[in-house]
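Notes for the structure review
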Protein chains: 4
Amino acid sequence: MIPRYSRPEMVAIWSPETKFRIWFEIEAHACDAMADLGIIPRENAEAVWKAKDVEFDVARIDEIEAVTKHDVIAFLTHLSEIVGAEQARFVHQGMTSSDVLDTTLNIQLVRATDILLADMDRVLAALKKRAFEHKYTVRIGRSHGIHAEPVTMGLTFARFYAEMARGRERLQRAREEIATGAISGAVGTFANIDPRVEEHVCAKMGLRPEPISTQVIPRDRHAMFFATLGVIASSIENIAVEIRHMQRTEVLEAEEYFSKGQKGSSAMPHKRNPVLTENLTGLARLIRSAVIPAMENVALWHERDISHSSVERGIAPDATVHLDFALNRLAGVIERLVVYPENMERNLNRLGGLVMSQRVLLALTQKGVSREDAYALVQRNAMKVWEEGKDFRTELLSDPDVRAVLSEEEINEKFDLGYHTKHVDTIFARVFGE
Amino acid sequence: MIPRYSRPEMVAIWSPETKFRIWFEIEAHACDAMADLGIIPRENAEAVWKAKDVEFDVARIDEIEAVTKHDVIAFLTHLSEIVGAEQARFVHQGMTSSDVLDTTLNIQLVRATDILLADMDRVLAALKKRAFEHKYTVRIGRSHGIHAEPVTMGLTFARFYAEMARGRERLQRAREEIATGAISGAVGTFANIDPRVEEHVCAKMGLRPEPISTQVIPRDRHAMFFATLGVIASSIENIAVEIRHMQRTEVLEAEEYFSKGQKGSSAMPHKRNPVLTENLTGLARLIRSAVIPAMENVALWHERDISHSSVERGIAPDATVHLDFALNRLAGVIERLVVYPENMERNLNRLGGLVMSQRVLLALTQKGVSREDAYALVQRNAMKVWEEGKDFRTELLSDPDVRAVLSEEEINEKFDLGYHTKHVDTIFARVFGE
Amino acid sequence: MIPRYSRPEMVAIWSPETKFRIWFEIEAHACDAMADLGIIPRENAEAVWKAKDVEFDVARIDEIEAVTKHDVIAFLTHLSEIVGAEQARFVHQGMTSSDVLDTTLNIQLVRATDILLADMDRVLAALKKRAFEHKYTVRIGRSHGIHAEPVTMGLTFARFYAEMARGRERLQRAREEIATGAISGAVGTFANIDPRVEEHVCAKMGLRPEPISTQVIPRDRHAMFFATLGVIASSIENIAVEIRHMQRTEVLEAEEYFSKGQKGSSAMPHKRNPVLTENLTGLARLIRSAVIPAMENVALWHERDISHSSVERGIAPDATVHLDFALNRLAGVIERLVVYPENMERNLNRLGGLVMSQRVLLALTQKGVSREDAYALVQRNAMKVWEEGKDFRTELLSDPDVRAVLSEEEINEKFDLGYHTKHVDTIFARVFGE
Amino acid sequence: MIPRYSRPEMVAIWSPETKFRIWFEIEAHACDAMADLGIIPRENAEAVWKAKDVEFDVARIDEIEAVTKHDVIAFLTHLSEIVGAEQARFVHQGMTSSDVLDTTLNIQLVRATDILLADMDRVLAALKKRAFEHKYTVRIGRSHGIHAEPVTMGLTFARFYAEMARGRERLQRAREEIATGAISGAVGTFANIDPRVEEHVCAKMGLRPEPISTQVIPRDRHAMFFATLGVIASSIENIAVEIRHMQRTEVLEAEEYFSKGQKGSSAMPHKRNPVLTENLTGLARLIRSAVIPAMENVALWHERDISHSSVERGIAPDATVHLDFALNRLAGVIERLVVYPENMERNLNRLGGLVMSQRVLLALTQKGVSREDAYALVQRNAMKVWEEGKDFRTELLSDPDVRAVLSEEEINEKFDLGYHTKHVDTIFARVFGE
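What counts and how
Residues numbered from 1 in each chain as written. Chains lettered and ligands numbered in written order. Predicted model: local features only at pLDDT ≥ 70, side-chain atom pairs only at ≥ 80, totals over all residues. Helix = DSSP H or I, 4+ residues; strand = E, 2+ residues; numbered from the N terminus. Rg over C-alpha atoms; globule rule 2.2 N^0.38 Å. Buried ≥ 20, exposed ≤ 12 C-beta atoms within 10 Å, placed from the backbone. UniProt positions renumbered as here; feature names shortened; annotations may be inferred. Pairing = 2+ DSSP bridges. Least-squares fit on C-alpha atoms with pLDDT ≥ 70 in both. Contact = placed C-beta atoms within 7 Å. Nonpolar A, V, L, I, M, F, W, Y, C, P; charged D, E, K, R; others polar. Domains from an automatic or database assignment. Axes fitted to C-alpha atoms, helices over the stretch in contact; angles between N-to-C directions. Parallel < 35°, antiparallel > 145°, perpendicular 65-115°, else oblique. Left-handed = near helix turned anticlockwise from the far one by under 90°. pLDDT = per-residue confidence, 0-100.

1. A short note on the overall build of chain A
- Counting its secondary structure elements, chain A contains 20 helices and six strands.
- For a compact globule of 434 residues, the expected C-alpha radius of gyration is about 22 Å, and chain A comes in at 31 Å, more than 25% above that figure.
- Dimensions of chain A along its principal axes, counting C-alpha atoms only, are 105 × 50 × 35 Å.
- By residue count, 59% of the 434 residues in chain A fall in the buried class.

This is the structure:
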């Protein structure tokens, strides 16, 4: 996890304090369930809750782990120091360490996802706001980086909104994927623990019981989870690349917000670099790098091997922390993106109206001109624009062969931008339902 | 696509014939819609359907493409040869090539997914059958490759069933992801085509209209699709690796089916190699290799660049064809897997009952022996088993200190396998709902 | 392998015919070596060479394989049909199938690499030619897509040359990595075959003996090989992305060559899409996708498992064929790239000289103006350029406070492009040694 | 970077302190060079070295960066506080931040590599020692996890030695790849800085000047570097997987060292889990995950975009720190691996001599028995071993049809392990040169 690309709330999920707190809750709820079932005395279950508001001493637990070389035992020893050995003696009964560890990992991932969902809501809100703001701000649409036909900036925001909304749905499903817990014992058979304990703990912790676990919760769930983060990261990259293109010196249709005081901006006023979106491009690569290792983690040997663990110690905090940061950075970029409609108009006109050539061609053929003749008519005027910098409409209007077929009004109509924006409403209704 | 790892039905989806047939249907339905809307004459729309049962001449289309360097134009020219130039003159009106190409790709992916779903059903049926067959076939559970506590072979099949059932759900959702079509024109604004044409074509082709497209359908959908295939491939690997382990000479709890006539089996009867599951392990790597390129395809420039195209020409057929093959190979392996319960029993007893040591330890402490003393009692008997090859139960029964606490019956009970299988029913009910 | 992105010479390397020819040569040379060592009769060795000029019947071999389910046995049976069973009876003696298969794979990879090296030479020659052609063609250097300071087009070509030259060296080393053969028997111990047979065969086939093999040649070699192709593919992408940027409508400093006859170019003369470099961008993703599977292939079980095989059936032809195609497409693009120096000049001047602001700032401070004052002086003139479209040099020349410090000549000197190109020679000497 | 998988020496390379120290040295050497060239006064260059033994105040630099939002400027400001503003005024003259940052990154990578090379030497020494120790410790060779023919444990170590030695060579070359520096100014043209400054700084810092840079050092170098780490990680996985297999309960030919005091070992003496090699398996996945992002970093826009930066902030420390840890963990595992020759012998004999069946078959045919008859003879004895647990040699010796062809001595000779180990010397000479 790179501190520079992290936010405290998400980092906190991956702290030792949070981890131990979750461990404690799992163990305490398990004791409750065992007491309910008459397996252990009620008072022992209740005694465990004495640690409810006690802050665990991470240094002390580390100290014990240095001796026992086992993190869960170290924690239980410390818990026992707080609760009292006699009272704590039924804690963890019938459970295996992985019951605690895997259930905890999923709780952390669920909590991380809840933050990410909120992040996406912020991104969505920003995109929607800017989409409506620029619903009819016309700019040239580009395919292959080459001018094609007009679109609007609102459509650009709207399509990113639609993409992010899909991402949010995917994330919601990814949350469901990993919202399971397992308290099923050494090899998942419940030999030493009643399945109702699992049910109770999961209900309390907001999880569903894993229908069938081994020593561990199956890793296809986590593979799907991290793959989903990878797709969302790729969508972030998609938006970031668009903004980077827009900010190019030659294009300059938008710029990342640049605070007045920011060093160096006015002696070289052009030198405002899209560093935030470039950063997002890199972060997308980083987040995606979790995908393949997560998939390689699926094929564990028999009832488990622990090869997945080191991978997850890396990718679980890294991918969630970096994605949280990236989504917030993205939201900020969109919220404050400086859009230059006048430059969009300038770019749109840069080709002297040539982007309308297809409409003219179509109009000529519709008037009965053969395809070949129509093509020749358009071509000879287009070349004057391209080679001599003339204006396409002016040339057409003054070309007698064109005028023999198309009236001034008809020609002018071909340059009407409204033609291109007439279905923006339809599309917005599809995307925003309004 | 590797011919050796392909099945004809899936390969057919990616043939030029299928592609041109879909192109035709899209164009013909679009004409119908335009006729319905009064945009083109009804008779021209009807005329197009003349080509409905005509087989397209792929060689002829290739010939035209060699001149025009444009595949869609080549096809349209050929279609025009069949329908008649005059009649065909409204075909493709207002559309862009990508309308046809992207909608077609999604139709192909949807059809491929339908085959994959059926494949998964076959895998699921096989897993379920074998799970019930071996519901109570006891084998040793292993963590880290080391004997832990007993499980049953049925549980192993059941957990693979649960994993594949999750995979099937994911695939169903992946199908929804890519079941969209777009007929929205050069930059997605419907400037030259009515959105109702898109609606009609999509309805006819079993797709939903893409809410907002550019020149292309957004590639986050495809990224999610291929990521899903990657997760399923990883689950295949998971099963394959388990079988490879089971077939090891020293373990031999199961073997891939080996036909009587298969060369070389009886002079070296042990040399039956798990080549099918090794092959599946490799195919999983291959299928997963589509995931990152599909994610890199998401960030296209502006309204589209064509960098995604070469990637998809590779991964779309390759990943679906190989996964189709792998799922069928897997189903065959499971259906015919030769299971050796007697070897499972032999392995289970290999450690002379040591795998029950934890239960004995627990029983002693529950009888009031201190944890330290109980540990020492278990340890001294365990070491005799480990170092001298004695039988753990026999040693315990003849240890007076143990017997002072535990009766013969109590000791014997600790070696009862029923203790470990008592919740198999519960788990099966969770997995299979029965 | 995607036929559209393949070239015949490279495809031929991966044909069954080539494969069987190599198999034959390995077997025949092995017989020679055994005859030399007195292990088998000389005449039997000589007899095998009868098949030297016989074309193997692939269909017949497939037919036999359908029965034996073993490709090497099928081939040997066919060879025996040609040579005569009696004469051929020592063929393959003491060898294992992998001796033939793995040695063949490496021979194919070596031959593929020789083609790739020639491809890179073509790319290098093109880059060098264009570098010298445009050694002093000035264009604006860009960081973050924003105008920075002048560079030359020759420098751009030169840095791609340097990068590709590094790629060629890497490829040369990758060739060495996989230029090994193994004829070491079932588990690599030479139990049934003399190590001198391996030495002889390798020498004849242009390989080094693998110092220690198991049943197979170790796969770290192949991992390194495909990783190297992945890096070269990334360098192709680097060049491709530069060209795509240059061809943007707003930039238009270069264009992919566009043949006169190519459809649709003149009615929309601006609509020349950089489809070749976009295609290269996609191919780079595809070629890179071989890297991780190749690395996953390294950890085979014990003396071998066959999981690597299906992976290699995919990636070996695919990655080499696509890279061969990509390098040739790239060479063609560079050789015929249409460069527009006049547009470079136009872009360079687009900011009215602002890109020289840093030099002016430096000049002022060197004349003793404080950093703050110098900054203010530059800033007030820069803002007039940025906001009102004035010319920077003109403004500076008419600013009395600036002129109090800098003479007209000194100001003009700051706009001299020679300042930026003065070390082009030095850099060219470093890159091209001339 | 995961603290648990890190070693202090490598972590130190990536500390702010180290980074600032390198920045300082680059700047100071650059001043020296400029003084040598007469560009700046000698005394100013000398003054900079006042900071040579001063510890930089990281908190202070962070404080300045919070204001300036620029890390290099923050450092230079702090340096100026130490050296004195007047004296420090020529520091960084003509340079761009990337000159410092990129050169520093490469210095860090070079230093990291030197540690990794030493790590590999430790691994190599351990492998060599164990190879000679077990040169003739016979164990069964396995293909597909199935018993094949005998090998020796020494050969296993030797092949890992050969693989790691190749890895070391690759790492040495990777070091050369990234041992370059650049002090070439804003866009790499040396417009504001003399190339001889770059030469001087590089010489002092142990680097070669980058022949042609832009604002940055080209990233194909780093892609190759991280790809190489990925291959080495895969080789670590290869060794780890072998050990995990050897430690399986049913195989138990070796075990990771397990300290006497380690909790829980003696009550369940069999439950010694290969957690270190499982951990290495996971770390390999993690290290490999740097490869694709590093390749995606190659295609920067024009003279640079900063997307690579966030990626490298992650992968550069992570991949080197984790690989350093993994190599040392691996060395420890090999040095202290507990090898069980008696279990190897037991496994070797597990199939009652069946693994020698091929030699017997060959012997029969060499004596003139037809292939079919020989096969039948071997088969009928083999099946008695396989199905009834008989001993193969005993059966052969008492089969009159076999004995009619082969003498007792000849049969016994087929079971001689020396046959399989006779070329171990040859192979060791190839690998170790001795």
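2. Let's talk about the UniProt feature "domain: Adenylosuccinate lyase C-terminal" (unreviewed entry) in chain A
- Within this structure's numbering, the places UniProt gives as "domain: Adenylosuccinate lyase C-terminal" (unreviewed entry) are residues 352-432 of chain A.
- Along residues 352-432 of chain A the backbone is 72% helical and 0% strand, and the end-to-end C-alpha distance reaches 34 Å.

3. Brief notes about the pairing of strand 2 (residues 146-152) of chain A
Residue and element names in this part refer to chain A.
- Counting buried residues along strand 2, seven of its seven residues qualify, which places the element largely inside the surrounding structure.
- In the sheet, strand 1 (residues 138-143) pairs with strand 2 via five bridges, with the strands oriented antiparallel. Bridge pairing in strand 2 places Arg 139 opposite Val 151.
- Connecting strand 1 to the antiparallel partner strand 2 that follows it, the hairpin turn spans two residues, and His 144 within it adopts a positive phi of roughly 60°.

4. Structural notes on the relation of the copies chain C and chain D
- For the pair chain C and chain D, the best superposition has an RMSD of 0.0 Å and corresponds to a rotation of 180° with a translation of 0.0 Å parallel to the axis. The transformation relating the two chain copies, once decomposed into turn and shift, fits a two-fold axis. Considering only C-alpha atoms, the part of chain C nearest the rotation axis is Ala 227 of chain C, at 3.1 Å.
- Most of the interface of chain C is mirrored in chain D, where 100% of its interface residues again form contacts.

5. Here's the deal with unusual backbone geometry
- Positive phi, close to 45°, is recorded for His 302 of chain A, a residue that is not glycine.
- As for its placement among the helices and strands, His 302 of chain A is situated in the loop between helix 11 (291-296) and helix 12 (307-336).
- On the neighbour-count criterion, His 302 of chain A (26 C-beta atoms within 10 Å) is buried.
- Phi at Lys 69 of chain C takes a positive value of approximately 55°, unusual for a residue other than glycine.

6. Quick look at the interface of chain C and chain D
- Between chain C and chain D, the residue contacts involve 59 residues of the former and 59 residues of the latter.
- At 13 residues, the largest contribution of residues to the side of chain C that touches chain D is made by helix 9 (residues 220-247) of chain C.
- When grouped by side-chain class, the residues that make up the side of chain C that touches chain D number 27 nonpolar, 17 polar and 15 charged.

7. Focus on the interface of chain D and chain A
- In this complex, chain D contributes 30 residues to the contact, which on the side of chain A involves 30 residues.
- It is helix 10 (residues 275-288) of chain D that contributes the most residues to the side of chain D that touches chain A, eight residues altogether.
- Among the residues forming the side of chain D that touches chain A, the class breakdown is 10 nonpolar, 12 polar and eight charged.

8. Considerations on the domain arrangement of chain A
Residues and elements named next belong to chain A.
- Under the domain assignment used here, chain A contains domain 1 (1-93), domain 2 (96-183 + 209-351) and domain 3 (354-414).
- Between the C-alpha centres of domain 1 and domain 2 the distance comes to 34 Å.
- Elements that contribute at least two residues to the side of domain 1 that touches domain 2 include exactly helix 1 (8-13) and helix 2 (16-36).
- Top element by residues in the side of domain 1 that touches domain 2 is helix 2. It accounts for six residues.
- Per-class residue counts for the side of domain 1 that touches domain 2 are 11 nonpolar, one polar and four charged.

9. Observations regarding the packing of helix 7 (residues 153-178) of chain B against helix 20 (residues 424-432) of chain B
Residue and element names in this part refer to chain B.
- It is the contact of helix 7 with helix 20, at a shortest axis distance of 10 Å, that shows an interaxial angle of 20°. Put simply, helix 7 runs roughly parallel to helix 20. Taken as a pair, helix 7 and helix 20 cross one another with a handedness that is left-handed. Across from Gly 154, Leu 155, Ala 158, Tyr 161 and Ala 162 in helix 7, the residues of helix 20 making contact are Val 424, Ile 427, Phe 428 and Val 431.
- Looking at the contact of helix 7 with helix 20, its residues break down into eight nonpolar, one polar and no charged.

10. Regarding the environment of Ile 217 of chain C
Residues and elements named next belong to chain C.
- By the secondary structure assignment, Ile 217 is in the loop between strand 4 (208-209) and helix 9.
- The class for Ile 217 is buried, based on 25 C-beta atoms found within 10 Å.
- Each C-alpha atom, one on Ile 217 and one on Asn 328, is 31 Å from the other, the two residues being 111 residues apart in sequence.
- Other than its neighbours up to four places away in sequence, Ile 217 contacts Asp 102, Asn 106, Thr 180, Ala 182 and Glu 210.

11. Concerning the confidence of the model for chain A
- Residues of chain A with pLDDT of at least 70 account for 98%, and the chain-wide mean is 95.
- Confidence metrics for the complex model read pTM 0.97 and ipTM 0.96.

12. Focus: the environment of Thr 156 of chain D
Residue and element names in this part refer to chain D.
- Take Thr 156: it is sitting in helix 7 (residues 153-178).
- Under the C-beta neighbour-count criterion, Thr 156 is labelled buried, with 27 such atoms within 10 Å.
- Separated by 21 residues in sequence, Thr 156 and Lys 135 place their C-alpha atoms 9.1 Å apart.
- If we ignore the near neighbours within four places in the chain, the residues touching Thr 156 are Val 151 and Glu 242.

13. Points about the packing of helix 14 (residues 357-366) of chain B against helix 15 (residues 371-388) of chain B
All names here are of chain B.
- Remark: helix 14 packs on helix 15, axes separated minimally by 9 Å, with the N-to-C direction vectors making an angle of 145°. Taken as a pair, helix 14 and helix 15 cross one another with a handedness that is right-handed. Side by side, helix 14 and helix 15 meet where Ser 357, Val 360, Leu 361, Leu 364 and Thr 365 of the first sit next to Arg 371, Ala 374, Tyr 375, Leu 377, Val 378 and Ala 382 of the second.
- In the contact of helix 14 with helix 15, the residues fall into eight nonpolar, two polar and one charged.

14. Things to note about the environment of Arg 196 of chain A
Residue and element names in this part refer to chain A.
- For Arg 196, the position within the fold is in helix 8 (residues 195-205).
- Arg 196 sits in the partly exposed class, given 17 other C-beta atoms within 10 Å.
- Taking the C-alpha atoms as reference, Arg 196 lies 24 Å from Arg 111; in sequence the two are 85 residues apart.
- In contact with Arg 196, not counting residues within four places along its chain, are Ala 33 and Leu 37.

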